[in-house]
Amino acid sequence: MSEKKSPSEAAGTHTLDRGNSNAKLDQLERWREDASGEALTSNTGVKVADNQNTLKAGERGPSLLEDFLMREKITHFDHERIPERVVHARGSAAHGYFQVYEPLSDLTCADFLNHPEKKTPVFVRFSTVQGPRGSADTVRDVRGFATKFYTDEGNFDLVGNNMPVFFIQDAIKFPDFVHAVKPEPHNEIPTGASAHDTFWDFVSLQPESAHMVLWAMSDRGIPVAYRAMQGFGVHTFRLVNAEGRSVFVKFHWRPVSGVYSLVWDEAQKLAGKDPDFNRRQLWEDIESGDYPEWELGLQVIPEEDEHKFDFDLLDPTKLVPEELVPVRVVGKMVLNRNPDNFFAETEQAAFHIGHVVPGIDFSNDPLLQGRLFSYTDTQLLRLGGPNFNEIPINRPLCPFHNNNRDAPHRQTINKGRAAYEPNSIDGGWPKETPPAASGGGFASYPEPMSGVKLRKRADSFGDHFSQARLFWNSMAPHEKEHIIAAYSFELGKVERREIRERQVNEILANIDPTLATRVAQNLGLPAPAGSTVAPVKTTLKESPALSQANLLSGNVRSRKVAILVADGANADDISHIIGVLNSEGATAKVIGPSSAPVKTSDGNTLVPDATLDGLPSIAFDAVFVPGGAEAAKALLANGAALHYLLEAYKHLKAIALCGEAADLMAELRLEADEGLLSAAKAEDLCADLVKAMAQHRVWAREPKAKAIPA
Ligand code: HDE
């Protein structure tokens, strides 16, 4: 016979009789007795006594509709998701600050660009474009680089990309472009990739995309890290100073870490082994105090120079070569704080190219003009109404008052009776601020306008290939090889021969004959007959500023090195390399055959940070193997360790082998080069290792490495 229970015990609200094991019961009891934290409550603040069981009619009886706690919890859960961004759905973000180096009063009256003593808070979101929210970070794609400056005069959003041009010239083509690049509608394949028929169909029919597609097929499409990417505002904007004088401007972000990329095989493998690769590094670097930094650069073009270039400044498929207009570096951004909550901050962040402050204004770039409509419109759906600027991550840090009222999720409790202007009831407040005053109101630059209403692309937008050729001509030999390989890979996935042919014969052949012929060969197509469009005469043949080979930082700050260990690994080598890397601002992780501690040569034990398969070589910039006969023997007999080194070699990374570890090189039949180093002790090769790492890859090894299976 079962024991009789009191009504409260039977209801299960005051006891911990929840059908749990004794161990769990004890733990729950301890948690309940700990009064140091916050009590669990309902959304209306009622303290919850039991968060484990639904209210039921008897222990084994049906659940009761009366259970308002369960219903509130499940209802909230049912509504947890919001629509992901139509594009740039996959992203990650961080907080930081921006500081201008010197007042830019000659150019702009924007307050945050005139006060070197001010640290303007920023929130920056990086993203891929094509893939959905859960897709991999390292796919070949454009990266978004959106910065929200919370200035004292309101929010300024610089919503840019890691490439300085775009695929289309007019906003009305954006839905077509996005439908073409997104997974194909019948089977939703491929995720996060442009290597499919609809993308190449569209771009091969749309020659204005030639320049940007070339950027996407270059190493820029597979950055190693967000901190290793440049950022660009893309469009031409205006700056306006206190006297009302305006100049055109292009915005640049230059990473202090330099610009460098993954190699394609690595990018593909990372997409499977660590789809969060970029997101994780951003997070971990900030947690460890190794803050990513960028300098803000401006290309300033006086109004009177608007028509002096052999392209149109308003055409977003063109960049302004730095050799024609140098970049003036004006300030620095540091990302130093991770968000507390991904959804509340990163997911709910609403960027908008139309969020400008006095001193910054728009140009007539037709893509920019279309974006001015799109960003608010999309937030209405995504964030559920027009009050999205009241969400903490979007709220300005300066005071804001207006007569906008009500609508879903209103947070502000407006006081006063007059929700209109002019009014006499509330003394006329809130009132306008004249533009000229310091901290003045926003007034659009009074650009003279005249024109006929029409739908027409300006003739000055008509040259689609010169800048693509400029980019191609500016690439280092290894960069050209990567571009050829990328086109061959992507077009190789295209099922329809006519699309491949069109891309080769009508697009690539107009950029460069070698590019077109090599891609044609790889696709098994006849070499193109020649260009189909007469080349336009241009001022520049090459722009060295476009090649990543010229954009390295020259140091190894934030680079990551794997130290492969096994029992018997030489302790001096390990401590020496760690010391050198730390002093250079790089980091090391000890990688063991398993998670079990390893005995080093000095009799101490070392706990590996990760295992060979847990953190593969693709997650590192270089590999170091300490000496020690026993350790070398163990690694030689370990297929995973051999694969680790082979893969690092194939990915053109610096590899340093000390003492007996040099036997691994012989076993793998690898030839020494400027990045494959061996010496008796760590101290004899550290300087060369650092030098090789600063070069990012051993490009000279690439032809040889291609023959190696990995
Ligand atoms: Fe965007 N873009 N875009 N875009 N874009 C969006 O806004 C749009 C363009 C860029 O991290 C959407 O909030 C149109 C160029 C970034 O939250 C949407 C056109 C550049 C982000 C939208 C463009 C960008 C977006 C989707 C052609 C580089 C991510 C969700 C006229 C200069 C921002 C959202 C973030 C996001 C529209 C072209 C950059 C739908 C119509 C060019 C970095 O509003």
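Within each chain, residues carry numbers counting from 1 in the order of the written sequence. Reporting of local features is limited, given that this is a predicted model, to residues whose pLDDT is at least 70; pairs of side-chain atoms are given and counted only at 80 or more, and all residues count toward the totals for whole chains, interfaces and linings. As a rule here, side-chain values cover all heavy atoms of the structure and leave hydrogens and water aside.

Chemist: What exactly am I supposed to notice about the coordination of the iron atom of the ligand here?
Modeler: Under perfect tetrahedral coordination by four donors, a metal shows angles of 109.5 degrees; under perfect octahedral coordination by six donors, it shows angles of 90 or 180 degrees. Looking at the protein side alone, the iron atom of the ligand has one donor only, Y375 (OH), at 1.9 Å. Residue position: Y375 is located in helix α10 (residues 366-382). Only nitrogen, oxygen and sulfur atoms within 2.8 Å of the metal, or 3.2 Å for Na, K and Ca, are treated as donors, and water is left out, so sites may look incomplete. To qualify as a helix, a DSSP run of H or I must reach at least 4 residues; to qualify as a strand, a run of E must reach at least 2; elements of each kind are numbered from the N terminus.

Chemist: Would you mind going over the packing of aromatic side chains with me for this structure?
Modeler: In this analysis, rings of Phe, Tyr and Trp, with Trp reduced to its six-membered ring, are considered paired at centre separations within 6.5 Å, and the interplanar angle assigns stacked below 30 degrees, edge-to-face beyond 60, and tilted for intermediate values. Using the criterion set out here, one finds 28 aromatic pairs in the structure. Note on F145 and W253: the rings are 6.0 Å apart at their centroids and 5° apart in plane angle, and the pair reads as stacked. In this pair, F145 sits in strand β3 (residues 143-151) while W253 sits in strand β7 (residues 246-255), placing the two residues 108 residues apart along the sequence. Aromatic ring contacts, followed pair by pair, group F98, F112, F126, F145, F149, F156, Y226, F237, F251, W253 and W294 into a single cluster. The ring of Y97 has K119 lying over it, and the distance from NZ or CZ to the ring centre is 4.3 Å. Here the guanidinium or amino end of R140 rests over the ring plane of W264, the centre of that ring lying 5.0 Å away. Comment: the charge-over-ring label is applied if NZ (Lys) or CZ (Arg) is within 6 Å of the ring centre and within 35 degrees of the ring normal.

Chemist: What should I look at first to understand the nonpolar core in this one?
Modeler: A general trend in soluble globular proteins is that nonpolar side chains are found buried together. Here, nonpolar core refers to any group of buried Ala, Val, Leu, Ile, Met, Phe, Trp, Tyr and Cys residues whose side-chain atoms link them within 4.5 Å. Residue exposure (1.4 Å probe, protein chains only): buried if accessible area is under 20% of the type maximum, exposed if over 50%, otherwise partly exposed. If you look at the biggest cluster of nonpolar residues, it comprises 67 residues, and the most contacted ones within it are L564, F624, V625, L645, L657 and L689. A per-element tally of this core places helix α17 (residues 639-650) first, with seven residues. Summarising the domain contributions, this core has at least three residues from each of domain 1 (90-365) and domain 3 (560-705). Note on contacts: a residue pair qualifies if any of its non-hydrogen atoms lie within 4.5 Å across the two residues. The contacts of F624, once residues within four sequence positions are left out, are V561, A562, I563, L564, D573, I577, A656, C658, A682, L685 and L689. Among the nonpolar cores identified, the runner-up in size contains 52 residues, and A210, V234, F471 and L508 belong to it. Each domain's extent is set by a domain assignment, obtained either automatically or from a database.

Chemist: What is the right way to look at the site of the ligand in this model?
Modeler: Near residues are defined by distance, with any heavy atom within 4 Å of the molecule or strand qualifying the residue. The full set close to the ligand counts 23 residues, and R85, R125, R371, Y375 and Q379 are the nearest of them. For this analysis, a polar contact is any N or O atom pair within 3.5 Å, provided that within protein one partner can donate a hydrogen and the other can accept it, and provided that sequence-adjacent residues contribute only side-chain to side-chain pairs. Between the ligand and H88, the relevant distance is 3.5 Å, taken from a nitrogen atom to a side-chain nitrogen or oxygen of the residue. Between an oxygen atom of the ligand and a side-chain N or O atom of R125, the distance comes to 2.6 Å. Elements supplying a minimum of two residues to the shell around the ligand: β3, β4 (154-161) and α10. Here the element with the most residues in the shell around the ligand is α10; it accounts for six residues. Any residue outside Ala, Val, Leu, Ile, Met, Phe, Trp, Tyr, Cys, Pro, Asp, Glu, Lys and Arg is labelled polar, Gly included; the first ten of those are nonpolar and the last four are charged. A per-class count over the shell around the ligand returns 11 nonpolar, nine polar and three charged.

Chemist: I would appreciate a short explanation of helix α6 (residues 210-217) in the present structure.
Modeler: It helps to recall that an α-helix has 3.6 residues per turn; residues three or four apart then point in one direction. Burial runs high along α6: eight of the eight residues are buried. The complete set of buried residues in α6 reads A210, H211, M212, V213, L214, W215, A216 and M217. Where α6 is buried, its residues meet α5 (197-205), α11 (466-474), α12 (477-492), α13 (497-511) and α14 (513-523).

Chemist: Which parts of the structure should I look at to understand unusual backbone geometry?
Modeler: For the bond from I189 to P190, the omega torsion is 0°, close enough to zero to count as cis. With respect to the helices and strands, the residue P190 is situated in the loop between α4 (174-181) and α5. Of note, the bond from W429 into P430 is cis; its omega dihedral lies within 30 degrees of zero at -10°. Mapped onto the secondary structure, P430 falls in the loop between α10 and α11. Even without being a glycine, H88 presents a positive backbone phi close to 60°. By the element assignment, H88 lies in the loop between α3 (68-78) and β1 (91-100). Non-glycine residue S558 carries a positive phi angle of around 65°. The topology assignment puts S558 in the loop between α14 and β11 (560-564). Owing to a relative accessible area of 2%, S558 belongs among the buried residues under this scheme.

Chemist: Mind showing me how you'd approach the sheet that holds strand β17 (residues 654-658) here?
Modeler: Two orientations exist for strands paired in a sheet by backbone hydrogen bonds: parallel and antiparallel. DSSP calls a pair of strands paired once it identifies at least 2 bridges connecting them. In space, the six strands of this open sheet follow the order β15-β12-β11-β16-β17-β18, with parallel pairing throughout. Each having just a single partner strand, β15 (610-611) and β18 (676-679) make up the two edges of the open sheet. Relative to strand β16 (residues 622-625), β11 runs parallel, the two being bridged by three bridges. When the bridges of β16 are listed, A562 appears paired with V623.

Chemist: Would you take a moment to explain the confidence of the model for the protein chain for this structure?
Modeler: Chain-level pLDDT for the protein chain is 95 on average; 96% of the residues reach the 70-or-more range. pLDDT expresses, on a scale from 0 to 100, how confident the predictor is about each individual residue. Here helix α1 (residues 7-11) is the element of the protein chain with the lowest mean pLDDT, 44, and strand β2 (residues 120-128) is the one with the highest, 99. A low-confidence stretch, residues 1-19 stays under pLDDT 50, and its non-local contacts, those more than four residues away or across chains, total 18 contacts.

Chemist: Where do I start with the packing of α11 against α12 in this structure?
Modeler: A pair of packed helices is characterised by two quantities: the angle between their axes and the separation of those axes. Where α11 contacts α12, the two axes come as close as 8 Å, and the packing angle between them is 125°. Judged by the angle between their axes, α11 and α12 are oblique. Of the residues in α12, those touching α11 at F471, W472 and N473 are K480, I483 and I484. Looking at the contact of α11 with α12 residue by residue, the class counts come to four nonpolar, one polar and one charged. Convention adopted: a line fitted to C-alpha atoms gives each axis, helices being fitted over their contacting stretch, and angles between N-to-C directions are expressed from 0 to 180 degrees. Working rule for angles: under 35 degrees goes down as roughly parallel, over 145 as roughly antiparallel, 65 to 115 as roughly perpendicular, anything else as oblique.

Chemist: Where do I start with the environment of I425 in this structure?
Modeler: Mapped onto the elements of the fold, I425 is located in the loop between α10 and α11. Taking C-alpha positions, I425 is 46 Å from N336, a pair spaced 89 residues apart along the chain.

Chemist: Would you mind showing me how to read the pairing of β16 here?
Modeler: Every regular strand shows the same layout, with side chains that alternate between the two sheet faces. Both faces of β16 are covered, namely the face carrying A622 and F624 and the face carrying V623 and V625. Direction of pairing for β16 relative to β17: parallel, over a ladder of four bridges. The residue of β17 that forms the bridge with A622 is A654.

Chemist: How should the domain arrangement of the protein chain be read in this particular structure?
Modeler: Bring the parts together and some accessible area is lost; that lost area is often taken as the interface size. Here the protein chain is partitioned into domain 1 (90-365), domain 2 (469-535 + 546-550) and domain 3 (560-705). Measuring from the centre of the C-alpha atoms in domain 1 to the corresponding centre in domain 2 gives 26 Å. The interface is formed by 27 residues belonging to domain 1 together with 24 residues belonging to domain 2. For the domain 1 and domain 2 pair, buried surface summed over both sides reaches about 2,300 Å², with 63% attributable to carbon and sulfur atoms. Note: buried area is the sum, over both parts, of the accessible area (probe 1.4 Å) each one loses when the two are combined.

Chemist: How do you make sense of the pattern of salt bridges when you look at a structure like this?
Modeler: Where charged atoms from two side chains of opposite charge come close, those side chains can pair. Salt-bridge detection follows one rule: a side-chain nitrogen of Lys or Arg within 4 Å of a carboxyl oxygen of Asp or Glu. Overall, the coordinates contain 37 salt bridges when judged by the stated rule. Linking D285 and K560 is a salt bridge whose minimum nitrogen-to-oxygen distance equals 3.1 Å. With D285 in helix α8 (residues 277-287) and K560 in strand β11, this residue pair connects regions lying 275 residues apart in the sequence. Residues D285 and K560 agree in their burial class; the two are buried. Through salt bridges with shared partners, one network takes in R227, D285, D290, E293, K332, R557 and K560.

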